There are 2 protein chains.
Amino acid sequence: MGKQDRDFKAVGTRPLRPDGVEKVTGRAKFGADLSAPGMLVGRFLRSPHAHARIRSIDTSKAAALPGVKAVVTGDSFDITKVSSGNHDTLANVMARDKALYEGHAVAAIAAISVSIARKALKLIEVDYEVLPHVTDVDEAMAADAPLLHENMFTANLTPKPTKPSNIANFYEFGHGDIEAGFAKADVIIERSFKTAATHQGYIEPHACLANMTQDGQGELWCCTQGHFMVRNVCADLMGMEISKLRVTASEIGGGFGGKTTVFIDPVALMLSKLAGKPVKIVMSREEVFKASGPTSSTSMRIKIGATNDGRLTACEGEFNYQGGAYADSPVQFGAMSAFACYDLEHVKTVGYDVAANRPKNVAYRAPGAPMAAFAVESVMAEMADRLGLDQLEFRLKNAATEGTRSSYGPTYNSVGLTETIKAAQSHDHYSAPLGANQGRGIASGFWFNFGGQTAVSLNVQEDGTVNVTVGTPDIGGSRASMGLMVAEELGIEYDNIRCIIADTSSLGYNDVTDGSRTTFSSGLALINAAKDAKAKMCARAARIWDIPAEAVEWKDGCVQPAGANAGEFEPMSFAEIAANADNTGGPIAGHHEINASGAGVSFGTHMVDVEVDPDTGYVKILRYTVVQDAGKAVHPAYVEGQYQGGAVQGIGWALNEEYIYGEDGRLQNAGFLDYRMPVASDLPMIDTVIVEVPNPGHPYGVRGVGETSIVPPMAAIANAVSQAAGVRMTELPMSPPRVLKAMDDAKGG
Amino acid sequence: MGKQDRDFKAVGTRPLRPDGVEKVTGRAKFGADLSAPGMLVGRFLRSPHAHARIRSIDTSKAAALPGVKAVVTGDSFDITKVSSGNHDTLANVMARDKALYEGHAVAAIAAISVSIARKALKLIEVDYEVLPHVTDVDEAMAADAPLLHENMFTANLTPKPTKPSNIANFYEFGHGDIEAGFAKADVIIERSFKTAATHQGYIEPHACLANMTQDGQGELWCCTQGHFMVRNVCADLMGMEISKLRVTASEIGGGFGGKTTVFIDPVALMLSKLAGKPVKIVMSREEVFKASGPTSSTSMRIKIGATNDGRLTACEGEFNYQGGAYADSPVQFGAMSAFACYDLEHVKTVGYDVAANRPKNVAYRAPGAPMAAFAVESVMAEMADRLGLDQLEFRLKNAATEGTRSSYGPTYNSVGLTETIKAAQSHDHYSAPLGANQGRGIASGFWFNFGGQTAVSLNVQEDGTVNVTVGTPDIGGSRASMGLMVAEELGIEYDNIRCIIADTSSLGYNDVTDGSRTTFSSGLALINAAKDAKAKMCARAARIWDIPAEAVEWKDGCVQPAGANAGEFEPMSFAEIAANADNTGGPIAGHHEINASGAGVSFGTHMVDVEVDPDTGYVKILRYTVVQDAGKAVHPAYVEGQYQGGAVQGIGWALNEEYIYGEDGRLQNAGFLDYRMPVASDLPMIDTVIVEVPNPGHPYGVRGVGETSIVPPMAAIANAVSQAAGVRMTELPMSPPRVLKAMDDAKGG
C-alpha cells in the first residue's frame, strides 16, 4: 500500500515490546506501586448531591482523630495565587462554594491507615444547601434550566448575551454559502441524534504518591499521560515554582485521554505539605466513574444535500455537547471534524459547549469526533441508500484529497482517505454475503493529529548501545517505536537501544501524550537528536584521524572520509567511535527540543457486519475491519493494536456504554458490572489493513494513528444495525432495549 | 585573599543547602529507603578465615528452605564474559576458588524475610582448606610470605621478576640526580614510618535495591559516589548491555572515596535475576568494616637533605602500601604526591603495592597522600628544628610555585601554596602561647584534583525557573554549588534553580564523584550548558524581533539588540524569553558533554596545638586551623565544611583509628565502639581560612577542595605530639598506649 521509495531496515519491523514481560508478570510499577517510608493514606470526602451550595465544612472532629495528620478543603489552596486558566481545575480538584456534581471532592484527609481515614471522613460535617440540578444537554440549554455558574455568559456569540446560561462557548466553522448549496441539492436529509456520555474505562484507577518537603520542594509519582503538564498545573495550584516540583510518570494502565487532567495530585501534594509526610492516594473504581474522565453526552442535528448523481452540495451540522460541570466539552473538535472527510463547496457547523451537573469532561480518544462522525456518517449512509449508490463509491466520489479545503479551514497536504476507501472496496469483507437479520455498515473518520512541544535526549554508551530519553509517557508502545526510529537513523540494532521516560527534571517541557502526537513528534525530535549525535561522531572521527570535520561524513552506518582529498582511512563503526568517546572529548550525546508542526491528518474507513436478535434487540458484532492510513507504520503490530483498540472502544460506545443518571442526579452505574464495556467474548477478531500514504511533515512519513480508529465505529455499527433492524438508529448506545423499542416503534408506525 | 578581579553575584554567597531540611527531618531517601512490591531480602555468607581455599560449597539445603528464592555463589557469574579489568572486582564481590580475607563473600541468598535469610545462610556448607595468612605489609613483602595469588609477578620491575610475590606493582617518580643532591646537603635526615589501615567511616552502610526483569532489563537503586560507574561495572559482571541497566543514586550518607567501588550491587542484581523479584541488600556495620572500604596500612622510609640555610637539596622516599587482597593500594598517588609541595632539583620516590589478607583496598579521600605527607612532613619538621628554622619559613623557602617542575612530572600553573603558608604565618594561631605538655605542629599538603567525563543538562521552565541535571552524586553540597554557578552564568536568582542528580539513562557518562572533581567539572560543564541556553535565548529574541541572530547579544542578564543597526527593541529578560519558548520553537535547554581537563591542584597548610597527658599518653586537640587554596569558593560554607571534615578525619587517623588484627587474621574491632572515630566532644571548633588563587582552568577559578584537607593533619598532629611528648612519633595511630610507650622508651633510652 505504501508510496514511499525509501528502504527501511528497522522501521516497519515487529520486535517484542520492551515493557511486555514486566507487565505480563505484574512487576511493572504503576501508579499505586510506589511506597515511601512513613507514607500516609489520602482519602476524599465527596458530595452526595448533584448540585449543592456548601454553607460550611467542619473538619475539626476529623482533624482531632488520632492518626489523622492533615485535612484539606478548598480553602487550603490560595486561589489568588493560581493562574486564571487553572481556576476551574482547582475548583474541580476541591469544591469551592458549590458542589457541582455527585462525587465532587469537598474535603480530603491524610491518615496513618485506611481504617482511620475512613473513620475520619465520617467525622467531617458538611452543611449543604441542595440546589436544583440538570444532567441532560438539551435540558441544560433550556432557558429555565438550573444555572451551574451564575457568571457564565456564552463566549463568541453575537450579540453578546446579557443573561447567564449553561452555554459556555459557541463555535462556528465552514465556508461557502450553505443556503445556495442546499438549493442545488436534489435530495436533502436532515436528522437529529443523541449520544450518551462514556468513560475511557482504563483499567488502572488514578493513583499518586506525593512528597512535599518543608522547604517547599516537591516530588510526585503518578499515573498520567503527561507528567510535565501535571507538574505545571500542580505547581500553579500549590503556588510553587515549576522547577521545584519533580514529577515522575509511572507505567500507565490505560489513559485514552482520561489521564490528561489532574484530579488527585494537587490534593496529595497539599496533604503531604500539611502533614510533613509522603501521601499516597489511589482512587476507587467508583471514584473513577463519578469524578474523573467521562466525555460528553451530545445532541446533534445534521443536514446534508446531494445531487442525484451523488455529489454533496451542502453539509450543515449543529453540535450540542454536554461538557460537565465546567463546560469542557470537545464540541469544537466535533464541529471541526464532522465533515472533514469530504470535499465540500458549502459547509457550516456550529457547536455549543454546555455545562451540566456531571463530572468535569475530559478528553477521550479523538475528543468530540466520534459522536459527530456517528451523526454525519449515519446521514451519509442514508443518503447513499436514498440515491441508490454504493456506500464506498458515494464516499469516494466526495472524498477529501490533497488540495481539498477542509471543512475547518486548512487545505490538505497529501492525505490517504481515498486509499482507505479503495482498500475497503477491494477487501473481501466488503463483498462477503450477509444472512438474515444481518447488516453491514460503513463509515469513514478523521482525526487532526498534533505535534507540540517535545524535548528528547540520546546518550551513546561506551559499548555502542544507546539510551534514549523521552518525556512522553508510553501509553501505546512508544518505547518500541522510538527505538525503531533511532535504530533506523543510527544504523544500529534495535536491541542495542533502551528508551526510558524521563522525569520532569531531566528534560525540557513535553506536551501530554495525546493528539496522536507521540510517535510523530517524539520520533521527529529523536531523529534530529540522532542526527546531532551522528554529527558529533563525525567530528570525533575527524579528531582521531586528525583531519578537518568537514572532511568526514556519515555513510552506510559508518563514519568515512568524505571525498578524495580527505585522506585514506578505514571507516569507523558506530561502536568504535562510541568506545573512543572518553579519549576524544567525553560522552557523546544528541539532543533536540522542538515545538513540532507538520503532523499529518489521518483518515480511516471501517466496515462492520452485525446481526440483530429480533426478539431481544441484542446486537452481535460478526465481523469488523479497520482500514486506516498510518503514513508509515513504525511498529506495525502496535499500529494494528491501535486500530483494534479504537474499534473495540467504539463498539462499546455504540452498543452498551452510557452514564445512567437517576432523577436525583446521581450516577446509577458507577462500576464495571453496570457500566457495560465489551470483553473478549463479546468481540470477533478485529481485522486491520494498514494504508501508508507518507506524511510529508515527517522524515519517515509517520502519521499519528491512535485516535482516528475510534471515530468511525459508532457510525459504522449504527449503519449496520439500522440495516439489520430495518430502522434508522439515531441514539447511542444501541443497547438491546433501545434497539427493541426502535424495531417495535417502526412496526407500530 | 583573592586575586580575581571579577565581581561575583551568586558565587561566593552562602544560601541554605537544598537537601538540608530533608536530611535533618529524616525524609531524605538513602540507600535502604526504597522498597518495591514483592521485594526479597538479600544476605551474604562470608568467610570466617583470613585465607582459605574453597574446596566446595553446598547450597542445596539452603535453596530447599521454604521462603528462599535464590542462591548465588561465584559460579553464578560467567567470568568468561567479564572484561579482564573487572575480574578482581568480581572475585571480591563473590569469592572464586579462594577466600582472601575474613569477611570475603562466599555466597548470598534472597529470601522472603530476614529470619529465613539468616536460617538459610546457616544451611550453606562450605568446605574450606585453611591457608597461612599475612596482614602486615612488611611481612607480606618478605620472601617467605604466604602468597595470595600464585600468578602475581610485580609489574614495572626491571628485570622482570621470575618468582611470584605479594608485590603487585612497582612505581617510580622523580627527576634530577638524587645522589648528587644528597652530596650537596649539609644535613640529611632519614626516618621510617608506619601507619595503620583506616576506614572511611561513613554513617550509611552500603545498600541497594535491584530489579532484573525476565527480558534482561535492570534497574538498580543504590548508595554510591558514582552510579554511572556502578552501571558499567554491574552490566559487565552481569553480561548485560550498558544501556539495559538503569541506575539511580540515592542520597548518600557519607562516602569519602569508600563508595567508589561495587560490593553488593551485582549480587543483588544476580539474586533478582534468579528469583524474578526485586532484592534489597543492606550491609551491617560489621560487614562494612570487614568487607568494604579500608585504605592501606603502610610502611615508609623518607630521606631528606638540606643546606644549613634551609634549601632542600634532595628528597627520597620509599612507600610500601598494603593494598588488600587484590593489591589496590593508592601507593602510586602516595609516591607522586609525597614531595609535591616542594620545588626540588633532585627527587625520587618509589612505591610498592602489596597484597595482604585484608579487605580489598578502596579510595579514601586523597587516596595515598595523607600517609606519605605524614612521613615527609614529619621529616620536614625535624629538619626545620635541626636547622633552627621557623617551620613555616622553612616551607616557604622551598615551596612549589607557578613554574615549579613537580616531583611527579608536570610543571605547575598558578598555585597557592605560598599563599597558604603566608596566611598561616599571619594567623594569630601561629603566635599564640603554648603551655606545659603542649606542642604545635605544622604541615602542608597537596592533592592533584581531577576533571574527567561529565555530562549535564539545563532546562528552562516557562516561569523562568531552571532545572539543572547533573550525573555526579551530591556528597558535599554540589547541588548548591551547581545552582550558584548557574545563577551566576544566567544572571537569575539561586532560588529559581533546582539541581537534581539524574539517573544513568538520562545523561551521558559521568565519572564518579571523586578526585575533588565535581564542583570543578560538573560546574564547568554547567557553565557551558548555560552559555548554550543563553545563545538559544538570543536566537529566540531575534525571532521575536524578526532580526538576524547575530544582531542580538546577552548583556546585563538580558537579551538586547547588538549594535546600532540591529534596531530599537526593549531588552528582554530571561523570564520573558522563557515564557515565550512555546511560541518561538519549543523548550529551551542547554547541554554540555566534556572530558574536563584543567582541574587545578590544591595546597593547604594546617596548624594544630595539642596537649599530651604525661601519665596516660592521651592527646587532646586544643586548637586546629586549616588554611587552604580553593581557587574560588563557590559556596564558602561548604568549602569550610570540607576543610573541617578533612581535618577531623585526619585527627581520627592520627590519634585512634586502626584496623586491629588478631593472630588468626581476623579483624578484632569491626564496630564503632572498638574502632574509635572522633566524636564532637573530642574536638575543638576547627578554624578555617579560605585562600583564593584562581585556577586558570576554570572560568570562575574554581579548584577542587574536598581532598587536600585530609593530607596534612596526621603530619601536623604528629609534629605537635612529638613536640609535646618530647619524642618523635613515627607510627600511627598515636593512641595513648603508643604515645606512652614512646615517652617511656625515650626516657629509658
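It should be noted that the structure appears before, not after, this text.
In this report, the structure presented in the accompanying data block is examined. (Residues numbered from 1 in each chain as written. Chains lettered and ligands numbered in written order. Predicted model: local features only at pLDDT ≥ 70, side-chain atom pairs only at ≥ 80, totals over all residues. Heavy atoms only, no water.)

### As for the pattern of salt bridges
Residues and elements named next belong to chain A.
Moving on, step 1. Taken as a whole and judged by the stated rule, the model has 82 salt bridges over all chains.
Moving on, step 2. Arginine 55 is the salt-bridge partner of aspartate 127, the closest N and O atoms lying 3.1 Å from each other. Of this pair, aspartate 127 sits in strand 6 (residues 125-130) while arginine 55 is found in strand 2 (residues 52-58), placing the two residues 72 residues apart along the sequence.
Moving on, step 3. Within this structure, Arg17, Asp19, Lys23, Glu251, Asp474 and Arg479 form a network of salt bridges that share partners. (Salt bridge = Lys/Arg side-chain N within 4 Å of Asp/Glu carboxyl O. Helix = DSSP H or I, 4+ residues; strand = E, 2+ residues; numbered from the N terminus.)

### Quick word on helix 18 (residues 636-655) of chain A
Moving on, step 1. Taking 1.5 Å as the rise per residue, helix 18 of chain A with 20 residues should run 28 Å; its terminal C-alpha atoms sit 28 Å apart, in good agreement.
Moving on, step 2. The buried fraction of helix 18 of chain A is high, at 15 of 20 residues. (Expected span 1.5 Å × (residues − 1). Buried < 20%, exposed > 50% of the residue type's maximum accessible area, 1.4 Å probe, protein only.)

### What about the packing of aromatic side chains?
All names here are of chain A.
Moving on, step 1. Evaluated as defined, the whole model comprises 44 aromatic pairs over all chains.
Moving on, step 2. Ring geometry for tyrosine 408 versus phenylalanine 446: centroids 5.6 Å apart, planes at 50 degrees, classification tilted. Taken as a pair, tyrosine 408 in the loop between helix 12 (391-398) and helix 13 (417-425) and phenylalanine 446 in strand 16 (residues 438-447) lie far apart in primary sequence, 38 residues in all. In this structure, tyrosine 408 and phenylalanine 446 share a single accessibility class: buried.
Moving on, step 3. Between tyrosine 659 and tyrosine 661, the ring centres sit 6.3 Å apart and the planes meet at 40 degrees, which makes this aromatic pair tilted.
Moving on, step 4. Judged by its relative accessible area of 16%, tyrosine 661 falls in the buried class. (Phe/Tyr/Trp six-rings, centres within 6.5 Å; stacked < 30°, edge-to-face > 60°.)

### Notes on the nonpolar core
Moving on, step 1. With 100 residues, the main nonpolar core has Ile304, Ile717, Val721 and Met734 of chain A as its most contacted residues.
Moving on, step 2. With twelve residues, helix 11 (residues 369-387) of chain A is the single largest residue contributor to this core.
Moving on, step 3. When sequence neighbours within four positions are dropped, the list of residues in contact with isoleucine 717 of chain A reads Val608, Ile621, Tyr624, Gly650, Ile651, Ala654, Leu655 and Met734 of chain A.
Moving on, step 4. By size, the runner-up hydrophobic cluster in this structure holds 99 residues, among which are Ile621, Val626, Ala720 and Val721 of chain B. (Core = buried A, V, L, I, M, F, W, Y, C linked by side-chain atoms within 4.5 Å. Contact = heavy atoms within 4.5 Å.)

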